[in-house]
Amino acid sequence: MSATHPYRTLIIDDNESVHQLFVAMLSRESIHSARSQPAGLALPAEAIPAAQFPLFEVDSAFGGEQGLECVQKALAEKRPYTMAFVDMRMKSGWNGIETIGHIWRECADLQIIICTGHTDFTWHDIIKRFGHTDRLLMLKKPFNVMDVRQLAYALAEKWNLFNQAKSHLERLQNLVAERTAKLQESNESLQHNIAQYKEAQEDLRRQRDYNDEIIKGTPAMVAGIAPSGLATFVNPSVCKHTGCLPEEIIGRDWWRLFYPGPEYRQVEHLFSLLQHGPVRDYEMVLTTKTGGKRTVNWNFFNKCDEAGRPAELIAFGNDVTEQKQAEQGRRLMELQLRHAQKLESVGQLAAGIAHEVNTPAQYIGDNIRFLQQSFAQLAPLLRQHESLLRALKENTATPELVAGCEQALRQCDLSFLIAETPRALEQSLEGINSVTRIVHSMRDFSHPGSAEKIPIDLNQTVESTLIVAAHEWKYIANMVKDFQPDLPRVPCLPGELNQVILNLVVNAAHAIADVTGGDTGQKGTITISTRRRGDWVEIQVADTGTGIPEAIRDKVFDPFFTTRSVGEGTGQGLAIARNVIVGRHNGTLTFQSQLGVGTVFTIRLPIHPAQASQLEEKAA
Ligand SMILES: Nc1ncnc2c1ncn2[C@@H]1O[C@H](COP(=O)(O)OP(=O)(O)OP(=O)(O)O)[C@@H](O)[C@H]1O
Ligand SMILES: [Mg+2]
């Protein structure tokens, strides 16, 4: 027994001497030496050192009620009793059984020894009253000291063990509670994590469904292609455009399936591009299941695995077949329109040109007629002179022959003919030259147009256009030509470019006519200049016409926009001009205008069109 604290023991007995007896029986002194026992008691001493004997602190209560109070006080002080010896029969108040009942209600753990010398309660009665319990013992009077001591030791030891077990249990319970709390906590966090995980999964599922919906519903073609070339995934749009079922595509070589035979060349080119990263806006002609051809604009990018190796090629494509056809149709229409306008203007110019050719043709005719008459006059004179010359050589000349010569000379006004003939010849040659010039210009202007751009002399182009169109402007405006002589040649479509210049000159002449009132003898000025500006060549057509009102400035390039009356203008001149300059030559066509002062249209053409289009692409 190792406890050093005293075991509190309560004696409840109405007999004073019993208390003394217990004190004596349980005190260390009495155990150790019979001499230290109270007088009259002859208790046997123990042959063990007193220090090994447990220390009992004995309290006395002389009735059941007092006993209960002691128990309550001990509990309040948190120094509970280890055991209580309770007399069964007490003179007043509660008997032993009642006392035990009250005490156990307060302190159920208290070990109780019933002390009785009577047979009024049997063990059976007690069990019936309190049930089977190890906290209740019965001690018969008169007491045997050894019994009491053994009982006290045993109960003290049992109490000790009970307390140890209890505190062990408490520790265990605490540990269990602690572990349970921790488990609970980790369980809760697990639950929380599971809930979050489920939520994330749900979000993911929703997102996936959403993406699936988009991929399924999009008109764009979406496909996954393994590095081996086998198709891994296709959306319904791929099936729609290729005419194949998914199972006819998945697991098959995508490239060989849709780009068979010579079409495979497109794939080889694509692969070389893909080595440098994603490929955008790559047009490929795809062969459908039925052998049809579809033009698809593809965007390709590689999906890589965790190690960064390409795991799948993702392809997004738009079928642009119809768009392409429409574009081609539009281009064809534009071309036809340009040709139609050209033919129309050639037709319109024809009258003017006829007039321009007619004037020199007329004075060529007049001069030739003059030369014909002159020659008719000269012929007899020459004959007379021929006859005279022959007679002189043969020495047969007669005065009649000389008189005939004089007569012929007088008739033909030789000095007039000598003076006028060279002038008539000169004028005829001039006329021929100007007809040739017009014819050449006409040929230049109505150039059928080459499909390829060729380097041209823009000064020459402008010049011939002005000649051909002379009738359109020469009665309305004075033409000032301010050409840079060493202008570099510019790659152009000549047939289309002179059409643009004609349109601008005719517009300028109309704007001036609107100011001057037409053929009134009053003239405006059209100034055409050409200049090199860095990598560009600039042609400006400036007029002193009406100017373009603010309100229509953003409309003048619209097809069919015209302010001229029906039958006079179709509103296509500037639309075509812009299409030719911007669309076909990568140039710019702009204007500056001031009402009542005039307008300047500026054409800028790149000297190196390829560079210009690259720059444009970069800017875009
Ligand atoms: N130099 C200019 N000065 C003033 N207005 C101009 C000038 N050039 C064009 N315009 C205005 O722009 C409109 C459109 O010009 P555009 O050349 O496209 O058609 P149009 O001359 O009316 O007809 P078309 O050229 O088909 O015979 C003209 O009707 C006119 O109002
Ligand atoms: Mg016009």
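Residues numbered from 1 in each chain as written. Chains lettered and ligands numbered in written order. Predicted model: local features only at pLDDT ≥ 70, side-chain atom pairs only at ≥ 80, totals over all residues.

Novice: I keep staring at helix α4 (residues 96-106) and nothing clicks. Help me out?
Specialist: Two residues of an α-helix separated by three or four positions point the same way, owing to the 3.6 residues in each turn. Residues of α4 that are buried: Gly96, Thr99, Ile100 and Ile103. Angular distribution of buried residues about the axis of α4 spans 100 degrees; they occupy a single face of the element. (Buried ≥ 20, exposed ≤ 12 C-beta atoms within 10 Å, placed from the backbone. Helix = DSSP H or I, 4+ residues; strand = E, 2+ residues; numbered from the N terminus. Arc of directions from axis to C-beta.)

Novice: What's the story with the sheet that holds strand β8 (residues 279-287) in this structure? I'm lost.
Specialist: Pairing between the strands of a sheet comes from backbone hydrogen bonds, and it takes one of two forms, parallel or antiparallel. Taken in spatial order, the 5 strands make up an open sheet running β7-β6-β10-β9-β8, and their pairing is antiparallel. Edge positions in the sheet fall to β7 (231-234) and β8, since each of these pairs with one other strand and no more. Between one strand axis and the next, the sheet turns by 30 degrees as a mean value, whatever way the strands run. Here β8 runs beside strand β9 (residues 293-304); their pairing, made up of 7 bridges, is antiparallel. Looking at the pairing, Glu283 lines up with Asn297 of β9. Each of β8 and β9 touches helix α10 (residues 264-274); the most contacted strand, β8, lies at about 165 degrees to it. (Pairing = 2+ DSSP bridges. Axes fitted to C-alpha atoms, helices over the stretch in contact; angles between N-to-C directions. Contact = placed C-beta atoms within 7 Å.)

Novice: Mind showing me how you'd approach helix α16 (residues 494-516) here?
Specialist: In this model, α16 (23 residues) spans 33 Å end to end at C-alpha, consistent with the 33 Å of a helix rising 1.5 Å per residue. The element α16 is extensively covered by neighbouring structure, given that 18 of its 23 residues are classed as buried. Directly after α16, the chain includes Gly517, whose backbone phi takes a positive value near 85 degrees. (Expected span 1.5 Å × (residues − 1).)

Novice: Explain the domain arrangement of the chain here, please?
Specialist: When the parts of a complex come together, some accessible area is lost, and that lost area is often used as the size of the interface. By domain assignment, the chain separates into domain 1 (7-171), domain 2 (218-319), domain 3 (325-446) and domain 4 (453-619). The C-alpha centroid of domain 2 is placed 99 Å from the C-alpha centroid of domain 1. (Domains from an automatic or database assignment.)

Novice: Would you mind showing me how to read the sheet that holds strand β5 (residues 136-140) here?
Specialist: The strand order across the open sheet built from 5 strands is β2-β1-β3-β4-β5, with neighbouring strands paired in parallel fashion. In this open sheet, the two edge strands, each paired with only one partner strand, are β2 (56-61) and β5. Across the sheet, the mean angle separating the axes of adjacent strands is 20 degrees when strand polarity is ignored. Relative to strand β4 (residues 111-116), strand β3 (residues 83-87) runs parallel, the two being bridged by 5 bridges. By the bridge assignment, Phe85 is partnered in β4 with Ile113. Contacts from α4 reach β1 (7-12), β3 and β4, with the element oriented near 150 degrees to β3.

Novice: In this structure, what is going on with the site of ligand 1? I would like to understand it.
Specialist: Contacts to ligand 1 come from 21 residues, most closely from Asn507, Ala511, Thr562, Gly569 and Gly573. Of all the secondary structure elements, the ones that give two or more residues to the shell around ligand 1 are α16 and α17 (573-585). Per element, the largest residue contribution to the shell around ligand 1 is 4 residues, and it comes from α16. The residue makeup of the shell around ligand 1, split by class, is 7 nonpolar, 12 polar and 2 charged. (Near = placed C-beta within 6 Å. Nonpolar A, V, L, I, M, F, W, Y, C, P; charged D, E, K, R; others polar.)

Novice: I keep staring at the pairing of β1 and nothing clicks. Help me out?
Specialist: Regular strands place side chains that alternate from one sheet face to the opposite one. Of all 6 residues that make up β1, 5 are buried, and the element is covered over most of its length. Note: β1 against β2, 6 bridges, orientation parallel. Note that in β2 the partner of Ile11 across the bridge is Ser60. Here β1 pairs with β3 via 4 bridges, running parallel. In the sheet register, Thr9 faces β3, and the bridge partner there is Met83.

Novice: Looking at this model, I keep getting lost on the packing of helix α3 (residues 64-76) against α4. Mind explaining?
Specialist: Angle between the axes and distance between the axes: these two values describe a pair of packed helices. In contact at an axis separation of 9 Å, α3 and α4 are set at 15 degrees when each is read in the N-to-C sense. Looking at the two axes, α3 sits roughly parallel to α4. Considering only the axes of α3 and α4, their crossing is right-handed. Between α3 and α4, the contacting residues are Gly64, Gly67, Leu68, Val71, Gln72 and Leu75 on the first element and Glu98, Thr99, His102, Ile103 and Glu106 on the second. Tallied by class, the residues present in the contact of α3 with α4 amount to 4 nonpolar, 5 polar and 2 charged. (Parallel < 35°, antiparallel > 145°, perpendicular 65-115°, else oblique. Left-handed = near helix turned anticlockwise from the far one by under 90°.)

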